[in-house]
Amino acid sequence: MSGIVIIGTGLAGYTLARELRKLDKDTPLTLVTADDGAFYSKPMLSNAFASNKDPEALISQGAEAMAGQLDARILTRRRVASMDTTARQVRLEDGETLAYDRLVLAVGAEPIRLSYEGDGAEAVLSVNSREDYARFREAIEGVDRVAVIGPGLIGCEFANDLRGSGREVDVIGPDTAPLGRLVPEAVGRALQKGLEAVGIRFHLETVVERIDRAGSGLRLTLSNGETVEAGTILSAVGLRPDTRLAGDAGLEVNRGIVVDRTLATSAEDVYALGDCAEVSGLVLPYVMPIMHGARALAKTLAGEATEVSYPAMPVVVKTPAHPVVVNPPSPGADGEWQIDSVGEGVRALFRNGDQLGGFVLTGAEAVKEKQALARHVPAVL
Ligand SMILES: Cc1cc2nc3c(=O)[nH]c(=O)nc-3n(C[C@H](O)[C@H](O)[C@H](O)COP(=O)(O)OP(=O)(O)OC[C@H]3O[C@@H](n4cnc5c(N)ncnc54)[C@H](O)[C@@H]3O)c2cc1C
């Protein structure tokens, strides 16, 4: 018996392995990962300065300890180059093959990289893993001015965190307000005000055109003619599900790897979970969908085919200068936003008649209503 192979040791791969071991202690289990296999909480990457954690301190357990705990074989620093769903095997970059009875793709997402003119363009960093974070920490050593490209959720979190470390922070993006597509504009403005109050500068409705080396630092030239000086540049312009392995192997991919509610891909006995997956049309790159997905998929792998259900899953934006909770309405849902001030923040309710379809809360006072409101929002799936 070849057993179960999981590609990826992020939150998706490891949470699934844990849930599976609660139900099935015997099936051989192999996890393979391109990184060092350390278990860490990725959401902490964008508030690690505030909590004064260096990259090592973010690790809760190393790969060896995880292998012991999960009674699994964990292959680290081994990248899967291709998969063959007919022969039921994956091929690693070094040529070794791993046979599987069931395969789970938990390969995550890739940061979107924009290209810029200028001789400083290659200095742009993005942070989507602990190892990226280590590189970023090194790059900002001794730097007192950081430019963040992308005023979305992750860009705002990093901006708040970096500002908390005493650095000057400029945030740049084409949107009219932070959190662009995720929330109504008035909500984004409330967050912007909160972040500006702690000294973060926003350059909105403009994009970076050039990045040039200037002295020991970098100069960003924006499409509105402004220039921004920075020692280091962090790009946070979004993530794209990693569909390369699945696409190359002929599996159905769309925005993510297409799976049904049992998280099954278009290939027999191949499943996908986490940031790489598009579940019933939804790409939700957050922790809670992984938790619900891992529990359902563990049951399926243990022999009881189980569909995933998603309750309302509010996302907490980690911007302590102005806290935000987002529970977006389902895509295409009918309704209208109704926005009120609460303290220094806002309460935005997406309503269709009496039905609450989603909400966004900002500011210390408004976010207290999260639990109460979440109970009234319909399940996502
Ligand atoms: C800065 C930041 C802050 C965040 N904050 C929050 C938050 O507050 N709340 C929230 O809900 N969500 C948050 N998220 C999102 C959340 O962290 C992700 O949804 C989650 O961590 C994704 O887990 P994953 O296992 O799907 O992917 P990843 O963690 O990306 O894991 C992918 C794994 O696949 C491996 N891999 C990929 N390709 C291959 C290959 N070819 N061969 C072998 N191995 C491969 C990688 O090595 C890695 O082990 C945040 C994300 C970021 C970047």
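Going by the annotation in an unreviewed UniProt entry, the name recorded for the chain is FAD-dependent pyridine nucleotide-disulphide oxidoreductase, with Thioalkalivibrio sulfidiphilus given as the source organism. Reading the Sequence similarities (unreviewed entry) entry of the UniProt record for the chain gives the comment "Belongs to the FAD-dependent oxidoreductase family."

Student: I tried to follow the domain arrangement of the chain on my own but got confused; where do I start?
Tutor: The figure often quoted for interface size is the accessible area lost as the parts come together. Each assigned domain of the chain is listed with its residue range as follows: domain 1 (4–110 + 239–302), domain 2 (113–235) and domain 3 (323–375). Centre-to-centre separation of domain 2 and domain 3, based on C-alpha positions: 27 Å. Summing both partners gives a buried area of about 650 Å² for domain 2 against domain 3, and 91% of it is carried by carbon and sulfur. Its largest share of buried area at the contact with domain 3, domain 2 owes to Leu182, Pro184 and Val187, together 56% of the area lost on that side. Summed over the shared surface of domain 2 and domain 3, the result is 0 salt bridges.

Student: Hey, could you run me through the side chain of Asp161 in this one?
Tutor: Among the structural elements, Asp161 can be located in helix 4 (residues 153–164). Although Asp161 lies buried, it forms no salt bridge, and the closest oppositely charged side chain, Arg137, sits 6.9 Å away as judged by the N-O distance. Polar side-chain contacts of Asp161 include one of 2.9 Å to the backbone nitrogen of Phe49. Here the side chain of Asp161 touches Ala50 through a polar contact of 2.8 Å, landing on its backbone nitrogen. Ignoring any residue separated from it by four or fewer positions in sequence, one finds Asp161 in contact with Ser46, Asn47, Ala48, Phe49 and Ala50.

Student: Any chance you could explain the site of the ligand here in plain terms?
Tutor: Within the structure, the ligand sits among 33 residues, and Ala12, Val80, Asp275, Val287 and Lys318 are positioned closest to it. At a separation of 3.0 Å, an oxygen atom of the ligand approaches a polar backbone atom of Thr9. Residue Lys42 places a side-chain N or O atom 2.9 Å away from an oxygen atom belonging to the ligand. Protein burial of the ligand: of its 1000 Å² of free accessible surface, 91% is covered by the chains. Of all the secondary structure elements, the ones that give two or more residues to the shell around the ligand are helix 1 (11–23), helix 4 and helix 7 (287–301). Element by element, the count of residues in the shell around the ligand is highest for helix 4, at 3 residues. Looking at side-chain class alone, the shell around the ligand contains 18 nonpolar, 8 polar and 7 charged residues.

Student: Please explain the sheet that holds strand 24 (residues 336–342) as it appears in this structure.
Tutor: Sheet strands line up and pair through hydrogen bonds in the backbone, either parallel or antiparallel. Across the sheet, which stays open at both edges, the 5 strands sit in the order 22-23-26-25-24 with antiparallel pairing between neighbours. On the outer flanks of this sheet lie strand 22 (315–317) and strand 24, each paired with one strand and no other. Direction aside, neighbouring strands of the sheet carry axes that sit 20° apart on average. Here 3 bridges tie strand 22 to strand 23 (residues 324–327), and the two strands are oriented antiparallel to one another. Directly across from Val316, in strand 23, lies its bridge partner Val325.

Student: It is not clear to me how the pattern of salt bridges should be interpreted in this structure. Could you clarify?
Tutor: For side chains bearing opposite charge, pairing can occur when the charged atoms are close. Going through the model one piece at a time under the given rule, you end up with 22 salt bridges. With a shortest N-O distance of 3.8 Å, Glu56 and Arg130 are connected by a salt bridge. Of this pair, Glu56 sits in the loop between strand 3 (39–40) and strand 4 (59–61) while Arg130 is found in helix 3 (residues 130–140), placing the two residues 74 residues apart along the sequence. By relative accessible area, Glu56 is classed as exposed at 56%. In this structure Arg130 comes out as buried when scored by relative accessible area, which is 7%. The salt bridge involving Glu157 is made with Lys318; its shortest N-O contact spans 3.0 Å.

About the cut-offs
- Residues numbered from 1 in each chain as written.
- Predicted model: local features only at pLDDT ≥ 70, side-chain atom pairs only at ≥ 80, totals over all residues.
- Heavy atoms only, no water.
- UniProt positions renumbered as here; feature names shortened; annotations may be inferred.
- Domains from an automatic or database assignment.
- Buried area = accessible area lost by both parts, 1.4 Å probe.
- Salt bridge = Lys/Arg side-chain N within 4 Å of Asp/Glu carboxyl O.
- Helix = DSSP H or I, 4+ residues; strand = E, 2+ residues; numbered from the N terminus.
- Buried < 20%, exposed > 50% of the residue type's maximum accessible area, 1.4 Å probe, protein only.
- Lys, Arg positive; Asp, Glu negative; His and termini not counted.
- Polar contact = N/O pair within 3.5 Å; in protein donor to acceptor, adjacent residues only side chain to side chain.
- Contact = heavy atoms within 4.5 Å.
- Near = heavy atom within 4 Å.
- Areas by Shrake-Rupley, 256 points an atom, 1.4 Å probe, with all protein chains shown as cover.
- Nonpolar A, V, L, I, M, F, W, Y, C, P; charged D, E, K, R; others polar.
- Pairing = 2+ DSSP bridges.
- Axes fitted to C-alpha atoms, helices over the stretch in contact; angles between N-to-C directions.

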